[in-house]
Amino acid sequence: QQPVQSPQAVILREGEDAVINCSSSKALYSVHWYRQKHGEAPVFLMILLKGGEQKGHEKISASFNEKKQQSSLYLTASQLSYSGTYFCGTEVGFQKLVFGTGTRLLVSP
Amino acid sequence: EAGVVQSPRYKIIEKKQPVAFWCNPISGHNTLYWYLQNLGQGPELLIRYENEEAVDDSQLPKDRFSAERLKGVDSTLKIQPAELGDSAVYLCASSSGQGASGNTIYFGEGSWLTVV
């Protein structure tokens, strides 16, 4: 039931782009994306609802393909502050959010 | 606006001892969650409250874990007795409205538990 994220880890140089994928075996109501830095709370990035919408937040955007039960997070022109672990949270049943395995991102100067 | 507040931030206890964690959600948020996060893993739901009612506690190990939200605001999560495998971060979160669909879940900084 836990969604699978890929890649597990990625190292970027500042300014490079990255894509993080989230795949579920269950039908999804919505997908939530969070970033967590070590020792800190997960910080909300965005929610994508059913309908295949794509959202953007500055240089971070995401897409949601409900038919494929997949979501992707796009990080453009990465900054040092983007480093952390990214989690997708999939709503597999109404009001039931299950978090993915996490993707560790390191942006170096 | 204050975020989700948790205490204590860190706790070290010996196995078989009890421990309790407290959470104050964002003002006005009627949905409160307790999550467990092991090192390097995503958060796992333990229990979800809608106001005072525990609407999803299917993942809560009820033999040693208990939770309450008596007045529909603050919540307490208790472990008694603690085991070595309970060492983890216990995250409290809250959201407005009912459930997660379309509602942002805001997390506290967590209570780090080490059982020795």
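To keep things clear, this report deals only with the structure shown in the data block. (Residues numbered from 1 in each chain as written. Chains lettered and ligands numbered in written order. Predicted model: local features only at pLDDT ≥ 70, side-chain atom pairs only at ≥ 80, totals over all residues. Heavy atoms only, no water.)

**Some thoughts on the overall build of chain A**
- A count of helices and strands for chain A gives zero helices and eleven strands.
- Along chain A, helices and strands appear, N-terminal first, in the series β-β-β-β-β-β-β-β-β-β-β.
- For chain A, the C-alpha radius of gyration of 13 Å lies close to 13 Å, the compact-globule estimate for 109 residues.
- Taken over the C-alpha atoms alone, chain A extends approximately 40 × 25 × 20 Å along its principal axes.
- Buried residues in chain A amount to 50% of all 109 residues. (Helix = DSSP H or I, 4+ residues; strand = E, 2+ residues; numbered from the N terminus. Rg over C-alpha atoms; globule rule 2.2 N^0.38 Å. Buried < 20%, exposed > 50% of the residue type's maximum accessible area, 1.4 Å probe, protein only.)

**A look at the overall build of chain B**
- When its secondary structure is counted, chain B shows zero helices and eleven strands.
- Tracing chain B from N to C terminus, the helices and strands come up as β-β-β-β-β-β-β-β-β-β-β.
- Taking 13 Å as the expected radius of gyration for a compact globule of 116 residues, we find that chain B reaches 13 Å, a close match to that expectation.
- Projecting the C-alpha coordinates of chain B onto the three principal axes gives extents of approximately 40 × 25 × 25 Å.
- Scored against the burial criterion, the 116 residues of chain B give a buried share of 48%.
- Residue pairs at least 24 apart in sequence account for 54% of intrachain contacts in chain B once pairs closer than 6 positions are excluded.
- Within the structure as shown, chain B displays about 5600 Å² of accessible surface, and the carbon and sulfur contribution to it stands at 48%.
- The average position of the 10 basic charges and that of the 14 acidic charges among the side chains of chain B differ by 6 Å. (Contact = heavy atoms within 4.5 Å. Areas by Shrake-Rupley, 256 points an atom, 1.4 Å probe, with all protein chains shown as cover. Lys, Arg positive; Asp, Glu negative; His and termini not counted. Charge placed at Lys NZ, Arg CZ, Asp CG, Glu CD.)

**A look at the interface of chain B and chain A**
- Counting residues at the interface gives 24 residues for chain B and 20 residues for chain A.
- Summed over both partners, the interface of chain B with chain A buries about 1800 Å², with 56% contributed by carbon and sulfur atoms.
- Our count for the contact surface shared by chain B and chain A stands at zero salt bridges.
- On the surface where chain B and chain A come into contact, there are two residue pairs in polar contact (both at pLDDT 80 or more).
- For the side of chain B that touches chain A, the secondary structure elements donating two or more residues are strand 4 (31–37) and strand 5 (44–50) of chain B.
- Tallied by class, residues from the side of chain B that touches chain A come to seven nonpolar, twelve polar and five charged. (Buried area = accessible area lost by both parts, 1.4 Å probe. Salt bridge = Lys/Arg side-chain N within 4 Å of Asp/Glu carboxyl O. Polar contact = N/O pair within 3.5 Å; in protein donor to acceptor, adjacent residues only side chain to side chain. Nonpolar A, V, L, I, M, F, W, Y, C, P; charged D, E, K, R; others polar.)

**Brief notes about the sheet that holds strand 7 (residues 65–68) of chain B**
All names here are of chain B.
- Strand order in the open sheet formed by four strands is 1-3-8-7, with antiparallel pairing between adjacent strands. Either end of the sheet is taken by a strand with one partner, and the two such strands are strand 1 (5–7) and strand 7. Sheet twist, expressed as the mean angle between neighbouring strand axes with direction ignored, is 15°.
- In this sheet, strand 3 (residues 19–24) lies alongside strand 1 in antiparallel orientation, the contact comprising three bridges. (Pairing = 2+ DSSP bridges. Axes fitted to C-alpha atoms, helices over the stretch in contact; angles between N-to-C directions.)

**Brief notes about the nonpolar core**
- In this structure, Trp33(A), Met46(A), Leu73(A), Leu75(A), Tyr82(A), Tyr86(A) and Leu105(A) are the most contacted members of the largest nonpolar core, which totals 23 residues.
- Only strand 2 (9–13), strand 3 (18–23), strand 4 (30–36), strand 5 (43–49), strand 7 (60–65), strand 8 (70–75), strand 9 (84–93) and strand 11 (103–108) of chain A provide two or more residues apiece to this core.
- Among residues more than four places away in sequence, those in contact with Tyr86(A) are Gln5(A), Ile20(A), Tyr34(A), Arg35(A), Leu45(A), Leu73(A), Leu75(A), Gly102(A), Thr103(A) and Leu105(A).
- Residues Val19(B), Ile26(B), Leu32(B) and Tyr90(B) belong to the second largest nonpolar core, which totals 22 residues. (Core = buried A, V, L, I, M, F, W, Y, C linked by side-chain atoms within 4.5 Å.)

**Considerations on the environment of Ala67(B)**
Residue and element names in this part refer to chain B.
- By the secondary structure assignment, Ala67 is in strand 7.
- Residue classification places Ala67 among the partly exposed positions, given a relative accessible area of 25%.
- Aside from chain neighbours lying at most four places away, what touches Ala67 is Ile47, Tyr49, Thr76 and Leu77.

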